[in-house]
Amino acid sequence: MAQLLTEAPGSPGRTFLDFPFVADLDTLNAEIAVLGIPYGLPYSPAEMANEQSCAPNALRVASGNVKFIRERFDWDFGGSLLGKRDTRLVDCGNVTADPHDHQEHYRRAEAAVRKIFDAEATLIALGGDHGISVPVLRALETIGQEITLVHVDAHLDWRDQSNGVREGYRSPLRRASEMEWIGAIVQIGIRGNGSLEEAEVREACAKADVITAYEMHDVGMDAVLQRIPDGGPYYLTIDADGLDPTIMPAVMSPTPGGLNWVQIHKLIQGLVRKGPVLGMDLVEIAPARDVGRLTLIHAERLICNFIGSCVQAGYFD
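Keep in mind the model is a prediction, meaning the values are calculated, not measured.

Asks: So, unusual backbone geometry: which residues are in play, and what are the values?
Replies: Of note, the amide linkage connecting Gly 127 to Gly 128 takes the cis form, showing an omega dihedral of 20°. With respect to the helices and strands, Gly 128 occurs in the loop between β4 (122-127) and α5 (133-139). The linkage connecting Gly 232 with the following residue, Pro 233, adopts the cis geometry, with an omega of 0°. Positionally, Pro 233 belongs in the loop between α9 (221-227) and β8 (234-239). A positive phi angle, close to 50°, is found at Leu 17, a residue other than glycine. Relative to the elements of secondary structure, Leu 17 occurs in the loop between β1 (6-7) and β2 (32-37). The residue Glu 284 is not glycine, and still its phi comes out positive at about 70°.

Asks: Summarise the side chain of Glu 31; cite the residues concerned and give the values.
Replies: By secondary structure assignment, the location of Glu 31 is in the loop between β1 and β2. Classification of Glu 31 by relative accessible area gives buried; the value is 10%. Of note is the side chain of Glu 31, whose polar atom sits 3.4 Å from the side chain of Arg 85. Ignoring any residue separated from it by four or fewer positions in sequence, one finds Glu 31 in contact with Arg 85, Asp 86, Thr 87, Arg 88, Ala 121, Thr 122 and Phe 316.

Asks: For helix α11 (residues 294-312), give the residues involved together with the corresponding values.
Replies: For α11, which comprises 19 residues, the first-to-last C-alpha distance of 26 Å matches the rise-based estimate of 27 Å (1.5 Å per residue) to within 8%. Burial analysis of α11 places 15 of its 19 residues in the buried class, the great majority of the element. One or two positions beyond α11, positive phi appears at Gly 314, with a value near 80°.

Asks: An account of the sheet that holds strand β3 (residues 89-95) is needed here, citing residue identities and associated values.
Replies: Strand order in the open sheet made by the nine strands is β1-β3-β2-β4-β9-β8-β5-β6-β7, with mixed pairing throughout. Of all strands in the sheet, those with a lone pairing partner are β1 and β7 (209-212), marking the two edges. Alignment of strand β6 (residues 182-190) against β7, held across four bridges, turns out to be parallel. Note that in β7 the partner of Ile 190 across the bridge is Thr 212. Contacts between helix α4 (residues 102-118) and the sheet are confined to β1, β2, β3, β4 and β9 (277-283), with β2 contributing the most and set at about 180° to the helix. The strands that helix α10 (residues 261-274) touches are β5 (147-152), β6, β8 and β9; relative to β8, the one it contacts most, it runs at about 165°.

Asks: Give me the lowdown on α10, citing residues and values where you can.
Replies: The terminal C-alpha atoms of α10 lie 20 Å apart, and with 14 residues this matches the ideal 20 Å at 1.5 Å per residue to within 8%. Buried residues dominate α10, accounting for ten of its 14 residues. Residues Gln 263, Ile 264, His 265, Leu 267, Ile 268, Gln 269, Gly 270, Leu 271, Val 272 and Lys 274 constitute the buried set of α10. Between the side-chain oxygen of the N-cap and the backbone nitrogen of Val 262 there are 3.2 Å, and the N-cap of α10 in question is Asn 260.

Asks: So what's going on with the nonpolar core? Residues and values would help.
Replies: If you look at the biggest cluster of nonpolar residues, it comprises 55 residues, and the most contacted ones within it are Ile 124, Ile 188, Ile 238, Leu 243, Ile 264 and Ile 307. If near-sequence neighbours (up to four positions away) are discounted, Leu 243 is found in contact with Val 152, Arg 191, Ile 238, Met 248, Gly 258, Leu 259, Ile 264 and Leu 302. Grouped together as the second largest cluster of nonpolar side chains are 42 residues, Cys 92, Ala 109, Val 136 and Leu 196 included.

Asks: Lay out the packing of aromatic side chains in plain terms, naming residues and giving numbers.
Replies: Aromatic ring pairs are described here by two measures, namely the spacing of the ring centres and the angle between the planes. Within the structure shown, the criterion is met by three aromatic pairs. With 6.1 Å between their ring centres and 75° between their planes, Tyr 315 and Phe 316 make a pair best called edge-to-face. Look at Tyr 315 and you get partly exposed, because its relative accessible area is 25%. Owing to a relative accessible area of 10%, Phe 316 belongs among the buried residues under this scheme. Between Arg 70 and the ring centre of Phe 19, over which it is positioned, the NZ or CZ distance is 3.9 Å. Here the guanidinium or amino end of Arg 170 rests over the ring plane of Tyr 43, the centre of that ring lying 4.7 Å away.

Asks: Help me get a handle on the pattern of salt bridges, residues and values and all.
Replies: Taken as a whole, this structure holds 28 salt bridges when the rule is applied. Across the pair Arg 138 and Glu 167 runs a salt bridge, and its minimum N-O distance is 2.1 Å. Of the two residues, Arg 138 is situated in helix α5 and Glu 167 in the loop between β5 and α6 (172-177); the sequence distance between them amounts to 29 residues. In this structure, the salt-bridge partner of Asp 209 is Arg 227, at a minimum N-O distance of 2.7 Å. Remark: Arg 227 occurs in helix α9 and Asp 209 occurs in strand β7; sequence separation between them is 18 residues.

Asks: Describe the environment of Ala 313, and please don't skip the residues or the numbers.
Replies: In this structure, Ala 313 sits in the segment after α11. Ala 313 gets classed as partly exposed once you look at its relative accessible area, which sits at 41%. Residues Ala 313 and Gln 269, 44 residues apart in the sequence, show an inter-C-alpha distance of 9.1 Å.

Asks: Quick rundown of the environment of Pro 56? Include the residues and the values.
Replies: Within the secondary structure, Pro 56 is located in helix α2 (residues 55-61). For the pair Pro 56 and His 130, spaced 74 residues apart in sequence, the C-alpha to C-alpha distance is 13 Å.

Cut-offs used in this document
Residues numbered from 1 in each chain as written. Predicted model: local features only at pLDDT ≥ 70, side-chain atom pairs only at ≥ 80, totals over all residues. Heavy atoms only, no water. Helix = DSSP H or I, 4+ residues; strand = E, 2+ residues; numbered from the N terminus. Buried < 20%, exposed > 50% of the residue type's maximum accessible area, 1.4 Å probe, protein only. Polar contact = N/O pair within 3.5 Å; in protein donor to acceptor, adjacent residues only side chain to side chain. Contact = heavy atoms within 4.5 Å. Expected span 1.5 Å × (residues − 1). Pairing = 2+ DSSP bridges. Axes fitted to C-alpha atoms, helices over the stretch in contact; angles between N-to-C directions. Core = buried A, V, L, I, M, F, W, Y, C linked by side-chain atoms within 4.5 Å. Phe/Tyr/Trp six-rings, centres within 6.5 Å; stacked < 30°, edge-to-face > 60°. Lys NZ or Arg CZ within 6 Å of the ring centre and 35° of its normal. Salt bridge = Lys/Arg side-chain N within 4 Å of Asp/Glu carboxyl O.

Now the structure itself:
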């Protein structure tokens, strides 16, 4: 069954930082697993072909000198990417899709993520639009603990449904709030126009700690980290439009005022130090909209900061 869940990255067929490709999730032996989940659930026929589905492979090929990135001293986390230990990092490829059943991609994604968590590996999921967080969050049930969800985004993503679709990119946080294993929800960077009605905004603010971008800029990321419950475990979901478009322009809804690089760097490192982070996803990158490779450069740095911070924090010792 595992061979049907994922397939090797498409053209040009490169894995993330050239780490080994592993398709057999039933015998997975890894400490960190990268997984592409390219396809969300479309709201209309026009969204069936979504530029964001190209992002997992684009992120894999974005890096230049892979040997340099993997082995040289990195000031972001105070050492080389994997430190002095033999951390097992693998790329599990992309979740396969069924062109006749869009929901099947979600079922396969949930099954793949469950196997990754069952193998006690830390997940790095590459979207795809933000709908792909729904099957990932479902799979967190296998952890058997209450999980704090930390969400970076320009939008609340709290719609109950759009065009009858309840698990698309406008709804992942609403669906998360309905899962018994998701505890506190902290949403950071909210700003600008969204798709929500006022009643949905009120409901979100009643169930989650909503920190607007403007409040975050006023109080600073240290104060934001203090509002995240201590101890973990955590799951981190990052919509690229949560960051400012000056550093991540390749998004469908660029909105001024997002997190800058220093802030997202501090959030990742601070969260890793607060308690165990089970995994993260990075979603909503539309590679064709990039400017000077700014988005892909920052995305690679963001992912490497998560990996390096987990290693330096002793997650795998």
